[in-house]
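# Structure assessment
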Amino acid sequence: MSTAVRQHVPDPRTATEAALADGLTAGDAACLTEVYRRWSPLVHRLARRALGDTCDAEDVVQQVFLAAWRGRLGYRPELGTAAAWLTGITRRRIADALAARARRAALFDLATAGYTVDVVSTDSVLDRMVVTQELAKLPAPQRTVLCLAFYEDLTQPQIAERTGWPLGTVKSHARRGMQRLSFRLGLVRVRH
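Residues numbered from 1 in each chain as written. Predicted model: local features only at pLDDT ≥ 70, side-chain atom pairs only at ≥ 80, totals over all residues. Heavy atoms only, no water.

### Structural notes on the overall build of the protein
Definition in use: Going along the chain from the N terminus, every DSSP run of H or I of four or more residues is numbered as a helix, and every run of E of two or more is numbered as a strand. In this scheme, a residue with accessible area under 20% of its type's maximum is buried, one over 50% is exposed, and one in between is partly exposed, where area comes from a 1.4 Å probe on protein chains only. The contact criterion used is simple: two residues touch if any of their non-hydrogen atoms lie within 4.5 Å. Each accessible area is a Shrake-Rupley estimate made with a 1.4 Å probe; only the visible protein chains count as cover when residues are assessed.
If you tally the helices and strands in the protein, you get eight helices and zero strands. For the protein, the sequential pattern of α-helices and β-strands runs α-α-α-α-α-α-α-α. Looking at the protein as a whole, 29% of its 192 residues are labelled buried. Considering only residue pairs separated by 6 or more positions, the protein has 52% of its internal contacts joining residues 24 or more positions apart. Summing over all exposed atoms, the protein offers an accessible surface of approximately 12000 Å²; the carbon and sulfur share of this is 59%.

Rendered as C-alpha cells:
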C-alpha cells in the first residue's frame, strides 16, 4: 500500500476495518477514535488477563493506542488485520509492564534484604504516604517526570518521548524535582 494519497473515510463509525486502517495510516484522528472504540475492549481484556490489575491494564490500553497512532505508518494490512496488529502491540506493552514490575520487585527485595516483613510493610506504607504527599506539592512538570520515572520505570529519553518535552527539559525537571523532594523529605524526617 502506498503512503502517497489516501482517501478520507467519510464516516468512521460505519467504515470497514480496511477503510479504518487506511484512514488511521493517513492520520485521520476520527479513524483513531473509531479504532479505539472498536478494539479497546479487546486490548483491555488481554492486558487485564495478563497483568491481573485493572489500573495496569488501563495504562497498557493507553500505551497501545498511543503507540498505534505514533507507529501508524508501520501498519501493513497485507500482513494482517488491524485487530491482529493491535494485539501484537498489546503483547509487547504487556511484556514491558511485566518486566517493569519484575524490576521494581527486585529493587524492593534488594532494599528490604535483612528486614522482617512486619517492619518493612509498616515502614513502606508510611514512606509511601509521605512521598505521595510530598510529590503532590511539586510543580506539575517535576511531579510528572518523577512519577513517570519511578512508577512507570521510564528512562529520561522515554519520558521525553512520552511528554513531547526536550530531553534537557526532562533532565532539568528531574533534577529540580529530586532536589525539592529530598529537601522536603529531609524536613519531614527532622520533624519526626
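Moving on from the model shown.
### Brief notes about the pattern of salt bridges
The cut-off we apply is this: When a carboxyl oxygen of Asp or Glu is within 4 Å of a side-chain nitrogen of Lys or Arg, the pair counts as a salt bridge.
Using the criterion set out here, one finds eight salt bridges in the structure. Between D153 and R103 there is a salt bridge, and its shortest N-O distance comes to 2.5 Å. Placement of D153 in the loop between α6 (140-150) and α7 (156-163) and of R103 in helix α4 (residues 82-112) is noted, with a sequence separation of 50 residues between them. When its relative accessible area of 42% is taken as the criterion, R103 is described as partly exposed. Note that R162 and E152 form a salt bridge whose closest N and O atoms lie 2.8 Å from each other. Taken together, the residues span a long stretch of sequence, with R162 in helix α7 and E152 in the loop between α6 and α7 at a distance of ten residues. Residue classification places R162 among the partly exposed positions, given a relative accessible area of 28%. A single network of salt bridges, built from pairs that share partners, joins E34, R37 and R38.

### Considerations on the packing of aromatic side chains
Note the threshold: Side-chain rings of Phe, Tyr and Trp (the six-membered ring for Trp) are treated as a pair once their centres are within 6.5 Å; stacked means planes under 30 degrees apart, edge-to-face means over 60, and tilted covers the remaining angles.
In total, this model carries two aromatic pairs according to the counting rule given. An angle of 70 degrees between the planes, with centres 4.9 Å apart, marks the rings of Y36 and F65 as edge-to-face. Of the two residues, Y36 is situated in helix α2 (residues 29-51) and F65 in helix α3 (residues 54-70); the sequence distance between them amounts to 29 residues. Note on Y75 and W85: the rings are 5.0 Å apart at their centroids and 50 degrees apart in plane angle, and the pair reads as tilted.

### Describing the packing of α2 against α3
Working note: a packed helix pair is described by the angle between its axes plus the distance between those axes. As a reminder, the rule being used: Between N-to-C directions, angles cover 0 to 180 degrees, with each direction set by a line fitted to C-alpha atoms, over the stretch in contact for helices. Reported orientations rely on four angle classes, namely roughly parallel under 35 degrees, roughly antiparallel over 145, roughly perpendicular from 65 to 115, and oblique for the rest. Take the far helix as your reference; a near helix turned counterclockwise from it by less than a right angle gives a left-handed crossing, and one turned clockwise gives a right-handed crossing. Think of it as three bins: nonpolar holds Ala, Val, Leu, Ile, Met, Phe, Trp, Tyr, Cys and Pro, charged holds Asp, Glu, Lys and Arg, and polar takes everything else, Gly as well.
Two elements in contact, α2 and α3, have axes whose closest approach is 8 Å; the angle formed by their N-to-C orientations is 140 degrees. Taken together, the axes of α2 and α3 lie oblique to each other. Here the hand of the crossing between α2 and α3 comes out right-handed. Only T54, D56, A57, E58, V60, V61, V64, F65 and W69 of α3 make contact with α2, whose side of the interface consists of A29, L32, V35, Y36, W39, S40, V43, H44, A47, R48 and L51. A class-by-class count of the residues in the contact of α2 with α3 yields 14 nonpolar, three polar and three charged.

### Here's the deal with the nonpolar core
Threshold: By convention a nonpolar core is built from buried Ala, Val, Leu, Ile, Met, Phe, Trp, Tyr and Cys residues, the set being connected through side-chain atoms within 4.5 Å.
The biggest cluster of nonpolar side chains holds 25 residues, and the ones touching the most others in it are W39, V64, F65, W85 and L86. Mapped onto this core, the elements with two or more residues apiece are α1 (17-25), α2, α3 and α4. Setting aside its immediate chain neighbours within four residues, W39 contacts E17, L20, F65, A82, A83 and L86. Listed in part, the seven residues of the second largest apolar core include L148, L154, I159 and A174.

### Here we look at the environment of A15
Structurally, the position occupied by A15 is in the segment before α1. Separated by 16 residues in sequence, A15 and C31 have C-alpha atoms that sit 8.9 Å apart.

### Quick notes on the packing of α6 against α7
Running from N to C, α6 and α7 point in directions that differ by 125 degrees, and their axes come no closer than 10 Å. Taken together, the axes of α6 and α7 lie oblique to each other. Seen from above, α6 lies across α7 with right-handed handedness. Of the residues in α7, those in contact with T144, V145, L148 and A149 of α6 are I159, R162 and T163. Grouping the amino acids of the contact of α6 with α7 by side-chain chemistry returns four nonpolar, two polar and one charged.

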